[in-house]
Amino acid sequence: AALKVQLNTKLFGQHLAKDVVLKAVMGFSNNRSPKKPLTLSLHGWAGTGKNFLSQILAENVHPAGLRSKFVHLFLPTLHFPHHDRLELYKEQLQNWIRGNVSACPHSVFIFDEMDKMHPGLIDAIKPFLDYYEQVDGVSYRQAIFIFLSNAGGELINKAALDFWTSGKRREEIQLKDLEPILSVGVFNNKNSGLWHSSLIDRNLIDYFVPFLPLEHKHVKMCIRAEMIARGYAVDEQVVQAVADEMTFFPKEQKIYSDKGCKTVQAKLDIHEDV
């Protein structure tokens, strides 16, 4: 219930992501003996809410969220920077996950910027995501793995624009409209981190979750939420002024924010005096 409330009040313009993640997490947490860990792959352009949703999800499993010692965030550019050390990274990654799940079966692992991950590296964790009761005496079935990626974002944006062009509401877009093209697109994308990955091949990713590009109204929701978070009264003139400074695409129609809500905080800083 708490997760549902947070997603409804804090995540804007993402009816698909809300619905899929809520159902997935509820089903997983209500299952006393899941057959495998819950594995979600979140896709979409920057600023659409992937990080935000993964943080909300982590906080609902472990109240301290990203500060919890049972929630682990991996950044390829920080943790796995050198291509020539791939075998070492694979070994380290396996040891980290093994050690952390041994300490807490309900560990949460978030892999950000999957599109910057060296191809093949993520396959090192395949044994932990598979349908095994135990691997070397450790059960991984109650852990949660979340992959975040910009890969597939263009496919999602194109599908959203096609819906808009044909006069359909974005809320009519269903998972079945996007998930098949997303899994194939990511599998065949050399810069996805999941290029020709056995995780996709073996159907070990439970859900490919699309994050749609955000429209003007969603950006304004983000601005209002940020103002409230700072303790300001919501001033619609300021909301409009900040929204006007954002850039939108396609060039002619200007429907979608090209940075989502990512620059809202910085843009609002400029209007602090107001």
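Residues numbered from 1 in each chain as written. Predicted model: local features only at pLDDT ≥ 70, side-chain atom pairs only at ≥ 80, totals over all residues. Heavy atoms only, no water.

So, about the sheet that holds strand 2 (residues 71–74). Remark on secondary structure: sheet strands pair via backbone hydrogen bonds, oriented parallel or antiparallel. In space, the five strands of this open sheet follow the order 2-3-4-1-5, with parallel pairing throughout. At either end of the open sheet lies a strand with only one pairing partner, and these are strand 2 and strand 5 (207–210). On average, each strand axis in the sheet is inclined to that of its neighbour by 15°, with strand direction left out of account. Across the sheet, helix 3 (residues 50–61) touches strand 1 (38–43), strand 2, strand 3 (108–111) and strand 4 (144–149), and the angle it forms with strand 4 is around 165°. (Pairing = 2+ DSSP bridges. Helix = DSSP H or I, 4+ residues; strand = E, 2+ residues; numbered from the N terminus. Axes fitted to C-alpha atoms, helices over the stretch in contact; angles between N-to-C directions. Contact = heavy atoms within 4.5 Å.)

Before going further, it helps to examine the state of the cysteines. Simply put, the disulfide is a covalent bond whose two ends are the sulfur atoms of two cysteines. Tallied over the entire structure, the rule returns one disulfide. Here Cys222 pairs with Cys261 through a disulfide, and the sulfurs are 2.0 Å apart. The S-S bond linking Cys222 to Cys261 shows a torsion near 80°; that makes this disulfide right-handed. Of the two residues, Cys222 sits in helix 10 (residues 216–229) while Cys261 sits in the loop between strand 7 (256–257) and helix 12 (264–270), which places them 39 residues apart along the sequence. Each of the two residues, Cys222 as well as Cys261, counts as buried. (Disulfide = S-S within 2.5 Å. Buried < 20%, exposed > 50% of the residue type's maximum accessible area, 1.4 Å probe, protein only.)

Right, let's talk about the packing of helix 7 (residues 153–165) against helix 8 (residues 175–187) for a bit. Running from amino to carboxyl end, helix 7 crosses helix 8 at an angle of 150°, the nearest separation of the two axes being 10 Å. On the basis of their axis angle, the class for helix 7 and helix 8 is roughly antiparallel. Classified by chirality, the crossing of helix 8 by helix 7 is right-handed. Across from Leu155, Ile156, Ala159 and Phe163 in helix 7, the residues of helix 8 making contact are Asp177, Leu178, Ile181, Leu182 and Gly185. In the contact of helix 7 with helix 8, the residues fall into seven nonpolar, one polar and one charged. (Parallel < 35°, antiparallel > 145°, perpendicular 65-115°, else oblique. Left-handed = near helix turned anticlockwise from the far one by under 90°. Nonpolar A, V, L, I, M, F, W, Y, C, P; charged D, E, K, R; others polar.)

Here the focus is the domain arrangement of the protein. Each assigned domain of the protein is listed with its residue range as follows: domain 1 (1–211) and domain 2 (216–271). The interface of domain 1 with domain 2 comprises 10 residues on the first partner and 14 residues on the second. With both sides pooled, the region where domain 1 packs onto domain 2 buries about 1,100 Å², and carbon together with sulfur makes up 72% of that total. Of all residues in domain 1, the largest losses of buried area upon contact with domain 2 belong to Phe12, Gly47 and Trp164, amounting jointly to 43% of the total for that side. (Domains from an automatic or database assignment. Buried area = accessible area lost by both parts, 1.4 Å probe.)

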